[in-house]
Amino acid sequence: DGGITQSPKYLFRKEGQNVTLSCEQNLNHDAMYWYRQDPGQGLRLIYYSQIVNDFQKGDIAEGYSVSREKKESFPLTVTSAQKNPTAFYLCASSPRRINQPQHFGDGTRLSIL
Amino acid sequence: AQSVSQHNHHVILSEAASLELGCNYSYGGTVNLFWYVQYPGQHLQLLLKYFSGDPLVKGIKGFEAEFIKSKFSFNLRKPSVQWSDTAEYFCAVKKGSQGNLIFGKGTKLSVKP
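About the criteria used
- Residues numbered from 1 in each chain as written.
- Chains lettered and ligands numbered in written order.
- Predicted model: local features only at pLDDT ≥ 70, side-chain atom pairs only at ≥ 80, totals over all residues.
- Heavy atoms only, no water.
- Helix = DSSP H or I, 4+ residues; strand = E, 2+ residues; numbered from the N terminus.
- Rg over C-alpha atoms; globule rule 2.2 N^0.38 Å.
- Buried < 20%, exposed > 50% of the residue type's maximum accessible area, 1.4 Å probe, protein only.
- Contact = heavy atoms within 4.5 Å.
- Areas by Shrake-Rupley, 256 points an atom, 1.4 Å probe, with all protein chains shown as cover.
- Lys, Arg positive; Asp, Glu negative; His and termini not counted.
- Charge placed at Lys NZ, Arg CZ, Asp CG, Glu CD.
- Buried area = accessible area lost by both parts, 1.4 Å probe.
- Polar contact = N/O pair within 3.5 Å; in protein donor to acceptor, adjacent residues only side chain to side chain.

Colleague: So, the overall build of chain A: which residues are in play, and what are the values?
Modeller: Counting secondary structure elements, chain A contains zero helices and 11 strands. What you see in chain A, going N to C, is helices and strands ordered as β-β-β-β-β-β-β-β-β-β-β. In summary, chain A has a C-alpha radius of gyration of 13 Å against a globular reference of 13 Å for 113 residues, a match within 12%. By principal-axis analysis of the C-alpha atoms, chain A measures approximately 40 × 25 × 25 Å. Relative to its 113 residues, chain A shows a buried fraction of 47%. Long-range pairs, those at least 24 residues apart, make up 53% of the contacts in chain A with a sequence separation of at least 6. Carbon and sulfur atoms make up 45% of the accessible area of chain A, which totals about 5,600 Å². Between the mean site of the 13 positive side-chain charges and the mean site of the 11 negative ones, chain A shows a separation of 3 Å.

Listed below in structure tokens is the structure:
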């Protein structure tokens, strides 16, 4: 079945460490997105990529970095510069054709030790 | 800045009660509108979407939403809720056909059996 796979499901980080969250999709979607979900805050866009080798900052990109070397993969690195990284991170993808909804992965919950 | 407002943070209903969740947005141009649902422990799923045409949109599981352009609203409704509808519901707006999604903060629905 086609879908979006995020790994790991749970991730723990020590202070000062960078961690990378994986997102892989086999839906042949061009566009991919990373969101952060905090209780009572909804989803906020961190980074997005409309095409391979190109990505753009979202609303809360500070302290995060991404790469898009392959169409299927859009990893997110949470750097030590992100002061409040504890959150639920959601990856999504969509076709580039207009009027297409985004599909979401199951998410990764990141906690600071 | 474009924003999406969901009026209720937490709604508690008994089974068979009717449901209406409010969603208002601030953008004045062409918009695409979505409702997503997140059941406990599951990923975000698309409930319904509006792109154009009939402003009354029917989605999965008996949900519907009405786009009222003059009120900048896209309220979600269901005539009779079930315990299995317990979830968090997110309204989202896309500016034009290619913009990014802007999410509301979500409404938690708890249905008492």
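From this point on, the discussion continues.
Colleague: Mind laying out the interface of chain B and chain A, listing which residues take part and the relevant values?
Modeller: Counting residues at the interface gives 20 residues for chain B and 21 residues for chain A. Summed over both partners, the interface of chain B with chain A buries about 1,700 Å², with 52% contributed by carbon and sulfur atoms. Counting the surface chain B buries against chain A, the share from its top three residues, Asn 100, Phe 103 and Lys 105 of chain B, is 28%. Where chain B packs against chain A, one counts four residue pairs in polar contact (both at pLDDT 80 or more). Elements with a contribution of two residues or more to the side of chain B that touches chain A: β5 (31-38), β6 (45-50), β10 (87-95) and β11 (101-103) of chain B.

Colleague: Run through the environment of Leu 110 of chain A, naming residues and quoting values.
Modeller: Residue and element names in this part refer to chain A. Structurally, Leu 110 is set in strand β11 (residues 108-112). Here Leu 110 falls in the buried class, since its relative accessible area comes to 0%. The spatial distance from the C-alpha of Leu 110 to the C-alpha of Gln 25 is 20 Å, given a sequence separation of 85 residues. If sequence neighbours within four positions are ignored, Leu 110 has contacts with Leu 11, Arg 13, Val 19, Val 78, Pro 85, Thr 86, Ala 87 and Tyr 89.

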